[in-house]
Amino acid sequence: DLFIQSNLRVTMFRLLRRSSSCSCKILTRWLSEGTPLKDRSIGVIGLGNVGNALIKNLQKSSYKVTTILDTDTTKTTEFRDTCRVADTPKSLAEQVDMVFTALPMPHHVKEVFEGKDGLLAGICEGKVWIDHSTTDYEQTEEMSERVREVGGRMLEAPVTGGLEALKKGQMTVFVAGEKNLAEEVEPMMRDIYSNVIYTGKMGTALIPKVLSNMLSCVHNLAMGEVFMIAKQAGVDMRTCFDCIRASAGNSFVFETAGPMLMQGTYDPSFSLALQCKDNRLGYQIATKHKVPMEILGHAMQRYNLALAKFGDEAPCYIAPKLLEEAMDTDLREEGFENWSYSIQNMDGSSVIRHHGIDIKRTDDNQIP
């Protein structure tokens, strides 16, 4: 029966995995693809904000995260009761059925992937690699081909929506690569993210992710100017916020970066260096396809100026501070000290719900 078949697959797969070689390739692929997702062992490389939240969301949904790795070993401490700490990317890949990576820069992905102790050296028939890093899509295409050559399979899966949403499993994930594999892992993705969008062949998920991040820079800079104009004209900042979020000028960035601007936190969960990295990736894509970047290019330069002035670890929404300093006027507003947000997926769009501020809340029963 189905119960016996499932346990047979798991038992045989574990026996094969203990072997030092990747022999019996057809049988291994059959066993790995047939094993229920919640019976597969999972390894995570990169335990920054994304990796940390990923492990917790997987565990919360009863997935088996067994092995972890980060160059900063202090980040592994809170998971040592439930996970082994691998010595190298290769050893991690050898110990698990599926590998997730969440790394900050393209060169970090390359360093983890290559070499005698790299991820590729530990991948063989039946292994699955899912990369959450926002990185160079052409580099990802090349790595995917090399993974395929050794019998593994790969998906790129950048996430978007902000750290607070990620912690609550409310982020969107873009998935690209082999469609059969994307469909195979879709139930897992839906368990840990609120919105899963398959974008097509390898490389097509990273492009909209990077472009979305670039667009957020334009929104953020314009938002800073709007708030400064309103304040100088004597309009109450909270009133301005409520008016615009109820009108055509609203955006995800306005509803999330606006309160962080009025807090003075500017979103410390994502660094300015990472945002500028995404801007450079977008510029490379535009250059390759000969698309002029007038508005996005100007935003990119303002962010480069902010990076030079405030440093790599400054929060990602800090660029409006350039205007605050030029005008010798801050954009703080009382009442947002305890503000936070969550995301609802409404017909595929991200709808922001505000918490920790005095607000007239819509009854859930009134939502069409």
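This write-up is about the structure you can find in this document. What you are looking at is a predicted structure, and each value in this text was computed from that prediction instead of being measured.

## Things to note about helix α5 (residues 106-113)
- Listing the buried residues of α5 in full gives P106, V109, V112 and F113. Angular distribution of buried residues about the axis of α5 spans 125 degrees; they occupy a single face of the element.
- Buried residues belonging to α5 abut β1 (41-45), α4 (89-95), α6 (119-122), β5 (128-131), α7 (137-149) and α13 (272-288).
- Positive backbone phi, approximately 95 degrees, marks G115, located one or two places after α5.

## Let's talk about the nonpolar core
- In terms of nonpolar packing, the biggest core is built from 72 residues, with I42, V44, L58, F100, I130, Y193 and F227 touching the most fellow members.
- It is helix α10 (residues 206-232) that contributes the most residues to this core, 7 residues altogether.
- In this structure I42 touches L58, Y63, K64, V65, T66, T67, V96, M98, F100 and M188, once residues within four positions along its chain are discounted.
- Membership of the second largest hydrophobic core comes to 19 residues, among which are F113, L119, V147 and M202.

## Some points on the environment of E111
- Note on placement: E111 falls in helix α5.
- On the basis of relative accessible area, E111 is assigned to the exposed category, the value being 54%.
- With 22 residues separating them in the primary sequence, E111 and P89 have C-alpha atoms 9.7 Å apart.

## Details of the pattern of salt bridges
- Taken as a whole and judged by the stated rule, the model has 14 salt bridges.
- A salt bridge links R153 to E184; the nearest nitrogen and oxygen atoms lie 3.1 Å apart. Placement of R153 in strand β6 (residues 153-156) and of E184 in helix α9 (residues 179-192) is noted, with a sequence separation of 31 residues between them. For the pair R153 and E184, one class covers both residues: buried.

## Some remarks on the packing of α5 against α7
- Packing of α5 against α7 brings their axes to within 11 Å, and their N-to-C directions diverge by 15 degrees. Overall, the two elements α5 and α7 adopt an arrangement that is roughly parallel. The way α5 lies across α7 gives a crossing that is left-handed. Of the residues in α7, those in contact with P106, V109, K110 and F113 of α5 are Q139, M143, R146 and V147.

Thresholds applied
- Residues numbered from 1 in each chain as written.
- Predicted model: local features only at pLDDT ≥ 70, side-chain atom pairs only at ≥ 80, totals over all residues.
- Heavy atoms only, no water.
- Buried < 20%, exposed > 50% of the residue type's maximum accessible area, 1.4 Å probe, protein only.
- Helix = DSSP H or I, 4+ residues; strand = E, 2+ residues; numbered from the N terminus.
- Arc of directions from axis to C-beta.
- Contact = heavy atoms within 4.5 Å.
- Core = buried A, V, L, I, M, F, W, Y, C linked by side-chain atoms within 4.5 Å.
- Salt bridge = Lys/Arg side-chain N within 4 Å of Asp/Glu carboxyl O.
- Axes fitted to C-alpha atoms, helices over the stretch in contact; angles between N-to-C directions.
- Parallel < 35°, antiparallel > 145°, perpendicular 65-115°, else oblique.
- Left-handed = near helix turned anticlockwise from the far one by under 90°.

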